[in-house]
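Next come the chains, spelled out residue by residue.
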Amino acid sequence: MNSFPLMKYMFCFISGILLSHFQVLNNHAAVFIFLFSLLLILLILIFRLKRSQLSFKSTALNIVLFFHVISLGASYHLLYKKEVLVYPFEKQRINHAVVFGEVHSMQLINNGDFEFQINLDSVSADGEILRVKTNILAKIKNENKGEHTLYSNLKNGNRISAVGRLQKAREQRNPFEYDYNNYLNENGIAALFYIKSHNDVHVIDDRFDFSADIIFTTRNAVNNFLTANMNKETSALLKGLLLADRSGIDYDTKESFVNSGVIHVLAVSGLHVGFIVIIFFSLFQRFNIYLRNILTMIGLLFFVLLTDAPASVVRASIMACVLLAANLMGRNYFSLNGLALAAFVILIINPSELFNPGFQLSFSAVFSIITIYPVFKNIISSIDFKSSALKSILLFVSVSLAAQIGTLPFTLAYFHKLSVISLFSNLIVIPLIGIIVACGAALIMIGILLPYISYFFVLVLEILTRILFEFVLITGSEYYSHFYISQFTLYDAAVFYLLLTVLFLCWKYMSAMSSKIILTALLVANFIILSKLDNRQLLPENKFSLLMIDVGQGDSFLLKFPNGKTALIDAGNALHGFDNGERVIYPLLNNLDVDRLNYCFISHLDADHFKGAEFLIQKGIIDTIFKPARYAGVSKDVEFENMIRANGVQLKYYSKEMMSIGEVRIYFLNDTNAVGYANLDLNNKSGIIKIQHGSNSFLFVGDAEYKAERILIDSFPDFLKVDVLKVGHHGSKTGTTASFLDLVNPKISLISSGLFNQFKHPSAAVIERLQSYGAHVLRTDLNGAALLVSNGDTIEEINWREF
């Protein structure tokens, strides 16, 4: 590492940031070490100067320097660290708020959706004026670009007043779920602000930020040009590659890129910067070497601004500029020093970037290519290939493999997917993306001036994009593209990098291949053992677990039985653009290592109870479905049953019977074909399920209201007493009557309802009634998911957020 001093000190600086982040070093300790090490450095230098031996090669001096840089990193992070933002208002939602503040960070419009941030001065709500100095994210939908729209007339730096709905962003509502509110807080945004129309925004001071406006205007011009001249999928891809705006690429396409192991190409990074450098070098080839390098650096600066300066672009551009500058000065260029310099610049601007997944993936990929690829290259070069093409392909694959080795821990920690096809996918996708980037950049630069030539570029780009998307769709298939790896954490990533470092250091000193193989096997075994130390089971073995899943305004409950079998009661809704089965339940099952649902109990055919199950049925993970008997004349029931049968799922109807799943007994308390149910609506025909585990009991009543409750009271007066009640119809006032509670008398009541739902569920009267019976009420709208675990004697409420 003597040739890479910047890399050594960069690691020390990062170590300091980590020590302060995890509170190993507080502010006083960091400052003390900083000052003490600085004093030692001065004393060592004075001592060596007096002896005419001034040199920085002293071991003692280097050790002190390391501690000095570590303390510098810790102190800088602590000084830079801002107070954690919190939502500043008492109400989680203010339906009619007037905000006053300054506009900044305007984003490109996407399908009519427009976002910008507001530095608040004050908020007027409920007849009060609140002086609030914070930052909010404003969103307006269906904002079509035109002469009189907000998007066309608003500028960064304008002071505005706006009317809209102010609310807290969605927090983590279910285990393993993404915490959007925390993400916004970490990025300096305290709340969301939804505006209905551009007429609700008024500019009260039209002064603006000239430099920010120039950058946004340029980005917007490119955005408009791409949108106007090519189809939707091609323009969305080019916006992602050239403007670092991936908002136009749909969820399913992104998932295919993740599954195929090529999601990294959608993040503007070194690959794209490399092609931009080639383009500028080609444009300026007639100039002398000095002017060509300087103009290329200016071009890179323009590209950084055009992409809104994400960490990956800044890193790659700094490295490219270091390379160009070294070339100008006639000095040798060391990639690791360039990488270290790029890291220093980014971390000095914002040390919190260290915890940004983009930063981590970007730097780990480049570091691995620089350090690991030469090992692969030497091995490949030592083999006598008859075909030079084969050798070139293997070298290209080895670059991809080196990058994937470096990024693997972060990929698993953030995406939990191990792609088995990524080497092959990258072999095709990377060159294809390179061509698309080059053609896209050429189109932007010459297409405006030469529209006839632009038609050719557009045609080529649309064909290449279609080929790319079709290829990724095939290679990213859920059936063979990847394995799901749950419970892989950043701790596991640290263990991986530590053992990889050991392997890398020992490899150079081992000559026998057998020794290298044995060492590798031992380190792999160590990783498997050490990575399991932090694993914890959210749903424990040999117990009965009930997880009330937050699916918004709907129901869904995951059951795990002592014998390991699983069941789902209802699956929430599937609205346009958001399917609870796909976005909430399926990822949750993967994270819980639940690969099959042995049973699925659909209470009734209201969309907020059964629509989410359709995705799970199509995924082929459900064995048996129980539902009420087919409703005569209800087409959605016929369609649902046809889907069940078409996917080979066993279908059963509720009837008054008992079934056992290991030591747990399940009682179905109604038969919707019975005479008493003939004239009832769908809600009152909900399947009623009682579960008995030892002395603990649970009752699920779907959307049953007072009519169904009356039938239960008459039919089972001595069998309704339970410990846990799933309250009917999301706590609506149309059910949970006093006469019903007299018999049920639950200790715990579960209510699944959506936050800010339009039906105002649950009813305050129902909550008060439940509490009057001494029931502990758990609500998804207030608390998110809830987890109960029964050992047969007692029921324990588990705080899943601690896992």
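It should be noted that the structure appears before, not after, this text.
Just so it is clear, the model here is predicted, and its values are computed rather than measured.

### Let's talk about the packing of aromatic side chains
Tallying each qualifying case throughout the model produces 35 aromatic pairs. Considering the side-chain rings of phenylalanine 716 and phenylalanine 719, the 6.4 Å spacing of their centres and the 45° angle between planes classify their relative orientation as tilted. Given the relative accessible area of 17%, phenylalanine 716 is considered buried. Through a chain of ring-to-ring contacts, the aromatic side chains of Phe410, Tyr414, Phe488, Phe496, Tyr497 and Phe527 assemble into a single cluster. Against the face of phenylalanine 719 rests lysine 690, its NZ or CZ located 3.7 Å from the ring centre.

### Looking at the environment of histidine 609
Along the chain, the position of histidine 609 falls in helix α20 (residues 607-618). Taking the C-alpha atoms as reference points, histidine 609 and lysine 81, separated by 528 residues in sequence, lie 45 Å from one another. A distance of 2.8 Å separates polar atoms of two side chains, one belonging to histidine 609 and the other to aspartate 570.

### Thoughts on the pattern of salt bridges
On inspection of all chains with the given rule, the structure shows 26 salt bridges. The closest approach of N and O atoms between arginine 207 and aspartate 205, which form a salt bridge, is 2.5 Å. Residue aspartate 205 is classed as buried on the basis of its relative accessible area of 18%. Of the charged contacts, one joins glutamate 641 and lysine 627 as a salt bridge, the two residues approaching to 2.9 Å between their closest N and O atoms. Residue glutamate 641 is located in helix α21 (residues 635-646), and its partner lysine 627 is located in strand β16 (residues 622-627); the two are separated by 14 residues in the primary sequence. Across the pair, lysine 627 and glutamate 641 agree in class, each one buried. A network of salt bridges, in which partner residues are shared, links Lys627, Arg630, Asp637, Glu641 and Arg645.

### As for the sheet that holds strand β19 (residues 664-668)
On the basis of which strands lie adjacent, the open sheet formed by seven strands has the order β18-β19-β20-β21-β22-β23-β24 and mixed pairing. Two strands lie at the open edges of the sheet, namely β18 (657-661) and β24 (776-779), each paired on one side alone. Taken over all neighbouring pairs, the strand axes of this sheet differ in orientation by 20° on average, direction set aside. The pairing of strand β22 (residues 724-726) with strand β23 (residues 748-751) spans three bridges and is classified as parallel. Its bridge partner being in β23, lysine 726 is matched across the sheet by leucine 750.

### Topic: the sheet that holds strand β17 (residues 650-653)
Two orientations exist for strands paired in a sheet by backbone hydrogen bonds: parallel and antiparallel. Spatially, the eight strands line up as an open sheet ordered β17-β16-β15-β12-β11-β10-β25-β26, and their pairing is mixed. Two strands lie at the open edges of the sheet, namely β17 and β26 (795-798), each paired on one side alone. On average, each strand axis in the sheet is inclined to that of its neighbour by 20°, with strand direction left out of account. As paired elements, strand β25 (residues 786-790) and β26 share four bridges and run antiparallel to each other. When the bridges of β26 are listed, leucine 787 appears paired with isoleucine 798. Across the sheet, helix α19 (residues 580-591) touches β10 (544-548), β11 (556-560), β12 (566-571) and β15 (597-601), and the angle it forms with β12 is around 160°. The strands that α20 touches are β12, β15 and β16; relative to β12, the one it contacts most, it runs at about 130°.

### Here we look at the nonpolar core
Formed by 66 residues in total, the largest nonpolar core has its most connected members in Phe116, Phe193 and Leu468. In terms of residues, this core owes the most to one element, helix α15 (residues 422-447), which gives 10 residues. Setting aside residues up to four positions removed in sequence, phenylalanine 116 forms contacts with Val103, His104, Ser105, Met106, Ile136, Leu137, Ala138, Leu150, Leu154, Ile160 and Ile195. If you look at the next biggest cluster of nonpolar residues, it comprises 45 residues, including Leu61, Ala343, Leu354 and Phe359.

### Focus: helix α8 (residues 251-260)
Those residues of α8 lying buried are Thr253, Ser256, Phe257, Val258, Asn259 and Ser260. For α8, the capping residue at the N-terminal end is aspartate 250, with a side-chain oxygen 3.1 Å from the backbone nitrogen of aspartate 252. Immediately beyond the C-terminal end of α8, within one or two residues, lies glycine 261, with a positive phi of roughly 80°.

### Structural notes on the packing of helix α12 (residues 335-349) against helix α13 (residues 357-381)
Contact geometry for α12 and α13: axes closest at 10 Å, N-to-C directions at 165°. One element, α12, and the other, α13, form an angle in the roughly antiparallel class. Here α12 and α13 pass one another in a crossing that is left-handed. Here α12 contributes Ser335, Leu336, Leu339, Ala342, Ala343, Ile346 and Leu347 to the contact with α13, which in turn contributes Phe359, Phe363, Val366, Phe367, Ile370 and Thr371. Tallied by class, the residues present in the contact of α12 with α13 amount to 11 nonpolar, two polar and no charged.

### Examining helix α6 (residues 210-229)
One turn of an α-helix holds 3.6 residues; hence residues three or four places apart share an orientation. When the terminal C-alpha atoms of α6 are compared, their 28 Å separation across 20 residues agrees well with the 28 Å that a helix rising 1.5 Å per residue should span. Buried within α6 we find Asp213, Phe216, Arg219, Asn220, Val222, Asn223, Phe225 and Leu226. Against the buried residues of α6 lie α4 (150-153), α7 (232-242), α10 (289-306) and α15.

### Some words on the environment of leucine 184
Structurally, leucine 184 is set in helix α5 (residues 180-186). Relative accessible area serves as the criterion here: at 4%, leucine 184 is assigned to the buried category. When the C-alpha positions of leucine 184 and asparagine 62 are compared, they lie 40 Å apart, and in sequence the two are 122 residues distant.

### A closer look at the pairing of β18
Where β18 meets β19, five bridges bridge the pair, whose relative direction is antiparallel. When the bridges of β19 are listed, glutamate 657 appears paired with phenylalanine 668. Hairpin connection between β18 and β19: a loop of two residues separates the two successive antiparallel strands, and glycine 662 in this loop has a positive phi of roughly 65°.

### Let's talk about the packing of α6 against α7
Packed helices, taken two at a time, are described by their axes: the angle between them and the distance between them. One can describe the packing of α6 onto α7 by two numbers: an axis separation of 8 Å at closest approach and a directional angle of 155°. The angle between the axes of α6 and α7 places the two elements in the roughly antiparallel class. In this structure, α6 crosses over α7, and the sense of that crossing is right-handed. Within the contact between the two elements, α6 uses Asn223, Leu226 and Thr227 and α7 uses Ser235, Leu238 and Lys239. Residue classes in the contact of α6 with α7 are distributed as two nonpolar, three polar and one charged.

Quick notes on the rules
Residues numbered from 1 in each chain as written. Predicted model: local features only at pLDDT ≥ 70, side-chain atom pairs only at ≥ 80, totals over all residues. Heavy atoms only, no water. Phe/Tyr/Trp six-rings, centres within 6.5 Å; stacked < 30°, edge-to-face > 60°. Buried < 20%, exposed > 50% of the residue type's maximum accessible area, 1.4 Å probe, protein only. Lys NZ or Arg CZ within 6 Å of the ring centre and 35° of its normal. Helix = DSSP H or I, 4+ residues; strand = E, 2+ residues; numbered from the N terminus. Polar contact = N/O pair within 3.5 Å; in protein donor to acceptor, adjacent residues only side chain to side chain. Salt bridge = Lys/Arg side-chain N within 4 Å of Asp/Glu carboxyl O. Pairing = 2+ DSSP bridges. Axes fitted to C-alpha atoms, helices over the stretch in contact; angles between N-to-C directions. Contact = heavy atoms within 4.5 Å. Core = buried A, V, L, I, M, F, W, Y, C linked by side-chain atoms within 4.5 Å. Parallel < 35°, antiparallel > 145°, perpendicular 65-115°, else oblique. Left-handed = near helix turned anticlockwise from the far one by under 90°. Nonpolar A, V, L, I, M, F, W, Y, C, P; charged D, E, K, R; others polar. Expected span 1.5 Å × (residues − 1).

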